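Residue strings, one per chain:
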Amino acid sequence: MIIRKVSHPVAKPVVLIAEELSPATLDALGPDFEVRNCNGADRGELLAALAAGVDAVLIRSATKMDAEAIGVAKGLKVIARAGVGLDNVDIPAATTAGVMVVNAPTSNIVSAAELAISLLLASARFISPAHAALRNGKWARSKYTGAELFEKTLGIVGFGRIGQLVAHRMQAFGMDVIAYDPYLQPARAAQLGVRLVELDELLRLSDFITIHLPKTKETANLIGEEALHKVKPSVRIINAARGGVLDETALYNALVEGRVGGAGLDVFAAEPCTDSPLFQLDQVIATPHLGASTDEAQERAGIAVAVSVRKALAGELVPDAVNVKGGAIHQDLRPALGLVEKLAQVATGLVGELPVSIVVEVRGEIAEYDCSVLSISALRGSLMGCGAEDVTYVNAPALSNERGLSATVITDPISPDHRNMVSVRAAFSDGTQLVVSGTLMGIRQVQKIVAIDSHDLDLLLTENLLFLRYADKPGIVGAVGNALGKAGINIGGMQVGRNHQGGEALMAITVDSLIPTEILNSVQTETGATTVRAVVLAN
C-alpha cells in the first residue's frame, strides 16, 4: 500500500479594511493576506465582519472600535488607524484583550504644518472674506488691507515636529521665530535658529501665534481669557492642532473688543462645528479640520499602517504601536521595564527638570540578555516625570530627541549586593549627576529603591514619595513626622541614609496621599533641608 501525504494550504491571515484607503495601502500589504472589506460606519455590518474572524482591521476616523467591537472580534491581533488620532479606538479595552493598536503618527505632519501656514497667510491678507466679497460682486480693495510677514515675530506654542516644520518654513519669509515649549532643551531650539521663551513673553512679543500642542488637562484653554489680555491688538492666532487649547469664547470676545486682530482655525472644541459666532467675523478664517486631508498624507498613512500590520502579524517589532512594548524581550527582563521607568521618574523628580542624558547600568543575571529596551524605559520614565502624557515605548525616543534627551545601557554580569540591580544615572544641563538604584525583590518581583547617590536605602516604590536632603542632626525625623501628621498625611515607610555622622543625610518616605505644596514648604522651613521634593509615580 502506498500512503500519500496530503498537504493542506495554510490559511492566510485575514485583514479587514473597514474604510476607503489609498490603493497604495493594498500594495504595501502585499499578497500574503486575505483582504476583506466592510463599511465600518455601519455598526451592524462592522460587528458581523469582525465576528466572522479577522486578524487585523484597518480603519480611519468613521469606524468606532470600542469595547463591544473588540469583544466580538475573537482572534483580533491588530487595530491599525490610518492617521494620527485614536479617539475612535478604545485603547484600554484593546490592551486588556491583547490587541495591538497602531497608527501613523508622522503621516500628516507636513500636511498639518502647511495648513497652519495657509491659515496664517490667509488671515494676514483677508483671503477668505475678500474672495467672498468678490463672488458677491463687491470690489472691496480698501476694506481688506492686510499685513506682511517679513520681519514680524512668529510665536510657536508647542515646538514639536510640526512646530519645527512651521518654524523652518516661516524663517524663509523673513520672520523672527520664538517658541514656548517647557519640555524642549534650549540647545535644540538654538540649532533651529529659534529662541525659547516663557509663554507670557511669547504672548507679549508675537505678531502671529500658531498653536501646535495636544489637548491635555494642562493645555486645555491654555490660550484663554487671561492670555488674550497679554497680546498685541494686531496679533493673529492660528490653531490647526487640537480644539480646546484655544478658548473659542475668549477668542470671540477678544476679536469683537479689538484685542486680537484675526484668527485662523481648523479645529474646534466640539466637532463637527458648523455654528459658531466666530464664523460671522471677517477676521476669522475657518476650515473643517483639514490638517490631514491631503492625498499625500492619506497615502503615507495607509502605507505606514499596512507595514505595521505586516510586522505585527509576523511577530516583529512594530515602530508605531501605541499600547505594546514592542520587540523580543526576554521574560526575565520584563519586570525591569517598570522598575527603570520609576527610577527615571524619581531621578527627574528629585532634580525637577528633564535630564540631558541617562545611562542605565544593569548588573546581575539579567545582564546576559539584550537590555537595550531599558533605554526606552528610562526615556519614558523621565518624560513622565516631567508631566508628559501619552508617552509610549514607541514615541518616547522621538519625544526625547525633540527635548534633547538621550539614553544608553551598559551591563555587567557581576552584582555584589543583589541578584539583579539597575541604576539610572541621570546627567543634567548644569553638569550635575544623580544616580538612583533599584532592585526587584522576591518571587513577586517587588520594586525597591536601594540607593540614591551614596545613600543606601531600602524603600518600596509606591505612588507618592517624599525626599529630603539635609545636614545630619537630631530632630529632623520628628519634625517631618509632625508636619505630615498635622496635615493628615499618613507615612507608610521611612528610610534615612547618610554618608557619615553629621554629614549630608537623605530621607526617603512613602506616604498614602499627595502632599500639597504648602506642606512641602512647611517641612522645608521646619527642617532647614536643602531639598524637599514630592515625587508622584505614574504608571
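From a predicted model like this one, the values you see are computed outputs, not experimental measurements.

Trainee: With reference to specific residues and values, describe the overall build of the protein chain.
Mentor: Each helix and strand in the protein chain was counted, giving 16 helices and 22 strands. Each of the three principal axes of the protein chain carries a C-alpha extent, and together these read 95 × 90 × 40 Å. Here the protein chain holds 539 residues, and 49% of them are scored as buried. Sequence separation of 24 or more characterises 63% of the internal contacts of the protein chain that already satisfy a separation of 6 or more. The average position of the 46 basic charges and that of the 58 acidic charges among the side chains of the protein chain differ by 2 Å.

Trainee: How would you summarise the side chain of D181 if you had to cite specific residues and measurements?
Mentor: For D181, the position within the fold is in the loop between β7 (176-180) and α8 (186-191). Although D181 is buried, it forms no salt bridge, and the closest oppositely charged side chain is R403 at an N-O distance of 4.7 Å. A distance of 2.9 Å separates the side chain of D181 from the backbone nitrogen of F159, its partner in a polar contact. If sequence neighbours within four positions are ignored, D181 has contacts with G158, F159, G160 and L196.

Trainee: So what's going on with a negative patch on the surface? Which residues, and what values?
Mentor: Judged by side-chain charge, D27, E114, D295, E296 and E299 come together as a negatively charged surface patch. Broken down by element, the negative patch gets its largest block of residues, 3 residues, from helix α11 (residues 295-313). Its place among the elements puts E299 in helix α11.

Trainee: Give me the packing of aromatic side chains: which residues, what numbers.
Mentor: Taken as a whole and judged by the stated rule, the model has 2 aromatic pairs. Ring geometry for F126 against Y144: centres 6.0 Å apart, planes inclined by 40°, an arrangement best described as tilted. Of this pair, F126 sits in the loop between α5 (109-124) and α6 (127-135) while Y144 sits in the loop between α6 and β6 (153-157); the two residues are 18 residues apart in sequence, bridging distant segments of the chain. We classify Y144 as buried; its relative accessible area is 14%. Pairing F268 with F279 gives two aromatic rings, centres 5.6 Å apart and planes at 90°, and the pair type is edge-to-face. Of the two residues, F268 sits in the loop between β11 (262-265) and β12 (284-286) while F279 sits in the loop between β11 and β12, which places them 11 residues apart along the sequence.

Trainee: Describe in detail the confidence of the model for the protein chain, supporting the description with residues and values.
Mentor: Should pLDDT be low for a region, the predicted coordinates there are not to be read in detail. Of all residues in the protein chain, 95% have pLDDT values of 70 or greater, and the mean over the chain is 89. Confidence drops under pLDDT 50 across residues 1-8; counting only partners more than four residues distant or on other chains, this segment forms 0 contacts.

Trainee: Describe the packing of α5 against helix α7 (residues 161-171), listing the residues and the values that go with them.
Mentor: For the pair α5 and α7, the least separation of the axes is 9 Å and the interaxial angle reads 50°. One element, α5, and the other, α7, form an angle in the oblique class. The element α5 and its partner α7 pack so that their crossing is right-handed. Across the interface between the two elements, I109, V110, A112, A113, I117 and L120 of α5 pack against R161, I162, L165, V166, R169 and M170 of α7.

Trainee: Quick one: what's the story with the nonpolar core, residue by residue and with numbers?
Mentor: By size, the foremost hydrophobic cluster in this structure holds 46 residues, and its most contacted members are V346, L374, I449, I452 and F467. Broken down by element, this core gets its largest block of residues, 9 residues, from helix α12 (residues 334-351). Beyond its immediate sequence surroundings of up to four residues, L374 is in contact with L333, A336, L337, V340, V360, V362 and V409. Residues L203, L228, V231 and V284 belong to the second largest nonpolar core, which totals 29 residues.

Trainee: Which residues make up the pairing of strand β9 (residues 208-211), and what values do they have?
Mentor: Side chains F208 and T210 of β9 all project onto a buried face; the interleaved residues I209 and I211 project onto the opposite face, where all are buried too. Pairing of β6 with β9, which is carried by 4 bridges, proceeds in the parallel orientation. Note that in β9 the partner of I156 across the bridge is T210.

Trainee: How would you summarise the sheet that holds β9 if you had to cite specific residues and measurements?
Mentor: Ordered in space as β8-β7-β6-β9-β10-β11-β12, the 7 strands form an open sheet in which the pairing is parallel. Edge positions in the sheet fall to β8 (195-196) and β12, since each has one partner strand and no second. The pairing of β11 with β12 spans 3 bridges and is classified as parallel. When the bridges of β12 are listed, A263 appears paired with V284. The sheet strands contacting α7 are β6, β7 and β9, and the helix crosses β6 at an angle near 170°.

Trainee: Tell me about the environment of R242, and name the residues and values.
Mentor: Following the sequence through the fold, R242 ends up in the loop between β10 (236-239) and α10 (248-256). Judged by relative accessible area, R242 falls into the partly exposed class, the value being 34%. With 22 residues separating them in the primary sequence, R242 and A220 have C-alpha atoms 9.6 Å apart. In this view, R242 contacts G85, L213, P214, K215, V267 and H289; residues no more than four positions away in its chain are not counted.

Trainee: Describe the packing of helix α15 (residues 476-486) against helix α16 (residues 517-527), with residues and values.
Mentor: Packing of α15 against α16 brings their axes to within 10 Å, and their N-to-C directions diverge by 155°. As far as their axial angle goes, α16 and α15 are roughly antiparallel. Regarding α15 and α16, the two cross each other, and that crossing is right-handed. Taking contact as the criterion, the partners of I476, A479, V480, N482, A483 and L484 in α15 are, on α16, I519, V523, E526 and T527. Tallied by class, the residues present in the contact of α15 with α16 amount to 7 nonpolar, 2 polar and 1 charged.

Trainee: Help me get a handle on α12, residues and values and all.
Mentor: Taking 1.5 Å as the rise per residue, α12 with 18 residues should run 26 Å; its terminal C-alpha atoms sit 27 Å apart, in good agreement. Within α12, 14 of the 18 residues are buried, which leaves it mostly tucked inside the rest of the structure. Of the residues trailing α12, G352 is marked for its positive phi of about 85°.

Trainee: Give a description of the sheet that holds strand β16 (residues 433-441) that names residues and reports values.
Mentor: Strand order in the open sheet formed by 6 strands is β14-β13-β15-β16-β17-β18, with mixed pairing between adjacent strands. The sheet is open, and its two edges are formed by β14 (406-412) and β18 (455-460), each paired on a single side. Averaged over all pairs of adjacent strands, the angle between their axes in this sheet comes to 20°, without regard to strand direction. Of the strand pairs in this sheet, strand β17 (residues 446-452) and β18 are connected by 4 bridges, and their pairing is antiparallel. Across the sheet, residue A451 finds its bridge partner in β18, namely D456. Relative to β16, α12 is tilted by about 150°, and along the sheet it contacts β13 (357-364), β15 (420-427), β16 and β17.

Procedures and definitions
Residues numbered from 1 in each chain as written. Predicted model: local features only at pLDDT ≥ 70, side-chain atom pairs only at ≥ 80, totals over all residues. Heavy atoms only, no water. Helix = DSSP H or I, 4+ residues; strand = E, 2+ residues; numbered from the N terminus. Buried < 20%, exposed > 50% of the residue type's maximum accessible area, 1.4 Å probe, protein only. Contact = heavy atoms within 4.5 Å. Lys, Arg positive; Asp, Glu negative; His and termini not counted. Charge placed at Lys NZ, Arg CZ, Asp CG, Glu CD. Salt bridge = Lys/Arg side-chain N within 4 Å of Asp/Glu carboxyl O. Polar contact = N/O pair within 3.5 Å; in protein donor to acceptor, adjacent residues only side chain to side chain. Patch = residues over 30% accessible without salt bridge, like charges linked within 9 Å, V, L, I, M, F, W, Y side chains within 5 Å. Areas by Shrake-Rupley, 256 points an atom, 1.4 Å probe, with all protein chains shown as cover. Phe/Tyr/Trp six-rings, centres within 6.5 Å; stacked < 30°, edge-to-face > 60°. pLDDT = per-residue confidence, 0-100. Axes fitted to C-alpha atoms, helices over the stretch in contact; angles between N-to-C directions. Parallel < 35°, antiparallel > 145°, perpendicular 65-115°, else oblique. Left-handed = near helix turned anticlockwise from the far one by under 90°. Core = buried A, V, L, I, M, F, W, Y, C linked by side-chain atoms within 4.5 Å. Pairing = 2+ DSSP bridges. Nonpolar A, V, L, I, M, F, W, Y, C, P; charged D, E, K, R; others polar. Expected span 1.5 Å × (residues − 1).

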